[in-house]
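Descriptive structure summary
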Number of protein chains: 2
Amino acid sequence: MRYLYHLPLSPYSRKVRLVLAEKHLPVELRAEKVWERRVEYLELNPAGTVPTLIEDNGLVIADSNVICEYLEEAYPDTPLLGRTLAERVEVRRLVAWFDGKFAQEVSRNLLGEKLMKRLAGRGNPDAAALRMGYVGLRHHLQYLGWLAETRKWLAGGTISLADFTAAAHLSALDFIGDVDWSLSQPAHDWYAQVKSRPSFRGLLTDRMPGMTPPEHYADLDF
Amino acid sequence: MRYLYHLPLSPYSRKVRLVLAEKHLPVELRAEKVWERRVEYLELNPAGTVPTLIEDNGLVIADSNVICEYLEEAYPDTPLLGRTLAERVEVRRLVAWFDGKFAQEVSRNLLGEKLMKRLAGRGNPDAAALRMGYVGLRHHLQYLGWLAETRKWLAGGTISLADFTAAAHLSALDFIGDVDWSLSQPAHDWYAQVKSRPSFRGLLTDRMPGMTPPEHYADLDF
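Things to note about the overall build of chain A
Looking only at helices and strands, chain A has 8 helices and 4 strands in total. Here the C-alpha radius of gyration of chain A, 17 Å, is about what a compact globule of 222 residues would show, namely 17 Å. Expressed along its principal axes, the backbone C-alpha trace of chain A runs to roughly 45 × 45 × 30 Å. In chain A, buried positions account for 55% of the 222 residues. Residue pairs at least 24 apart in sequence account for 67% of intrachain contacts in chain A once pairs closer than 6 positions are excluded. Total accessible area computed for chain A in this model is approximately 9700 Å², and 53% of it derives from carbon and sulfur atoms. Measuring between centres, the 27 positive side-chain charges of chain A sit 3 Å from its 29 negative side-chain charges.

Describing the interface of chain B and chain A
Listed by partner, the interface residues are 24 residues for chain B and 24 residues for chain A. With both sides pooled, the region where chain B packs onto chain A buries about 2000 Å², and carbon together with sulfur makes up 67% of that total. Among the residues of chain B in contact with chain A, Glu73(B), Leu85(B) and Val89(B) are the three that bury the most area, contributing 25% of the side total. For the pair chain B and chain A, the number of links is 6 salt bridges. One salt bridge in this structure joins Arg92(B) and Glu69(A), with 3.8 Å as the shortest N-O distance. Inspection of the region where chain B meets chain A yields 4 residue pairs in polar contact (both at pLDDT 80 or more). The set of elements that each furnish at least two residues to the side of chain B that touches chain A consists of strand 4 (60–62), helix 3 (64–74) and helix 4 (85–119) of chain B. A per-element tally of the side of chain B that touches chain A places helix 4 of chain B first, with 11 residues.

Some thoughts on the relation of the copies chain B and chain A
Of the two same-sequence chains, chain B is brought onto chain A (RMSD 0.0 Å, axial shift 0.0 Å) by a rotation of 180°. The transformation just described matches what one would write down for a two-fold rotation axis. Most of the interface of chain B is mirrored in chain A, where 100% of its interface residues again form contacts.

A short note on the sheet that holds strand 3 (residues 52–54) of chain B
Residues and elements named next belong to chain B. Spatially, 2-1-3-4 is the arrangement adopted by the 4 strands of the open sheet, whose pairing is mixed. Of all strands in the sheet, those with a lone pairing partner are strand 2 (28–31) and strand 4, marking the two edges. On average, adjacent strands in this sheet sit at an angle of 20° to one another, irrespective of strand direction. Where strand 1 (residues 3–6) lies against strand 3, 3 bridges are found, and the strand directions are antiparallel.

Parameters and conventions
Residues numbered from 1 in each chain as written. Chains lettered and ligands numbered in written order. Predicted model: local features only at pLDDT ≥ 70, side-chain atom pairs only at ≥ 80, totals over all residues. Heavy atoms only, no water. Helix = DSSP H or I, 4+ residues; strand = E, 2+ residues; numbered from the N terminus. Rg over C-alpha atoms; globule rule 2.2 N^0.38 Å. Buried < 20%, exposed > 50% of the residue type's maximum accessible area, 1.4 Å probe, protein only. Contact = heavy atoms within 4.5 Å. Areas by Shrake-Rupley, 256 points an atom, 1.4 Å probe, with all protein chains shown as cover. Lys, Arg positive; Asp, Glu negative; His and termini not counted. Charge placed at Lys NZ, Arg CZ, Asp CG, Glu CD. Buried area = accessible area lost by both parts, 1.4 Å probe. Salt bridge = Lys/Arg side-chain N within 4 Å of Asp/Glu carboxyl O. Polar contact = N/O pair within 3.5 Å; in protein donor to acceptor, adjacent residues only side chain to side chain. Least-squares fit on C-alpha atoms with pLDDT ≥ 70 in both. Pairing = 2+ DSSP bridges. Axes fitted to C-alpha atoms, helices over the stretch in contact; angles between N-to-C directions.

This is how it looks when you write it as structure tokens:
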């Protein structure tokens, strides 16, 4: 059996879950409380981060980017990185954009402060970080909306890992009620399309003890 | 002509320069003062980071990871990512380790505080960050030494992007005199091997106005 060590609201875990589902690869999820720094887990993944994928054959694959590149090479039937060199450059650029810049400017400031800090028992959210997060989210929604308006999908004519990476981050923020979709109609319409894919179902049924997502979170006609 | 927008002491730029040289791909370097946020540069790479590669045919490739994946696909003759799926997983894991964890715990605290802050006119190094950087570097040199002791190269039997990524970060730190090589003999010996490759020459002749690297920086028998 294939296992994925994950956290329900980790955008990086969500990205890998979407890719596995798009490629029709069954997986058993195991929640890993990374802040406990379990020795057995650090032996699998010395970086101590989620996600980590364990393949049927025992191969251990840590880091969401490494996992996605591996899945693309091992299971190329549903390609998610584009076909031509130029397409692959644009898909990977946007993956780096959302996993790097968006994560640092938005996800870390909002999810990190509101959720991860609480889970790890590291105190209350920092007000300045939250403010930066909301400002960043507004800018990023505009950029995302511009991409969605000028292209069929974020990286071009076909749905790709760029869409799933962006949607993974936004879905986690949407769970904690932080996305004001009225800020960008094109971003809203793009997200509605990604969200209605069968691969998204697992994410929409995620629940966390003591947390209730807003009503629109799992609603496909939000 | 192929161009690389870079900064001489950016580990990410150095990694790409090493890969280009290993693959015998000529390139013209253009220093980009990213802190000035030039509009023309932001049009090439909206993230505003270095490096950005411009190919002969005009293709623009931003982000060192995207560039390295592209170069591997476009110029596969000198493979640097490994051959089997398992090898590629280990090479990419270590690339993510050095570009992610090492960068955050060491490069950002030392290079970021001592060099980038000064270049960008953002004041003096923060003492707590420097302390964390030196502690982190000690741990990372031990891990690197352990890898170098148990394997021929960092990711296994052949030299790979893992070695060039680690060496790119360490070479930039070595330039500012921050690496105490006596902390790990195996790490020292591994670095001496990487450093003596022809692809490394360009890095060893880099000079920055107002900065003198320590004497051993360019010495192959350091």
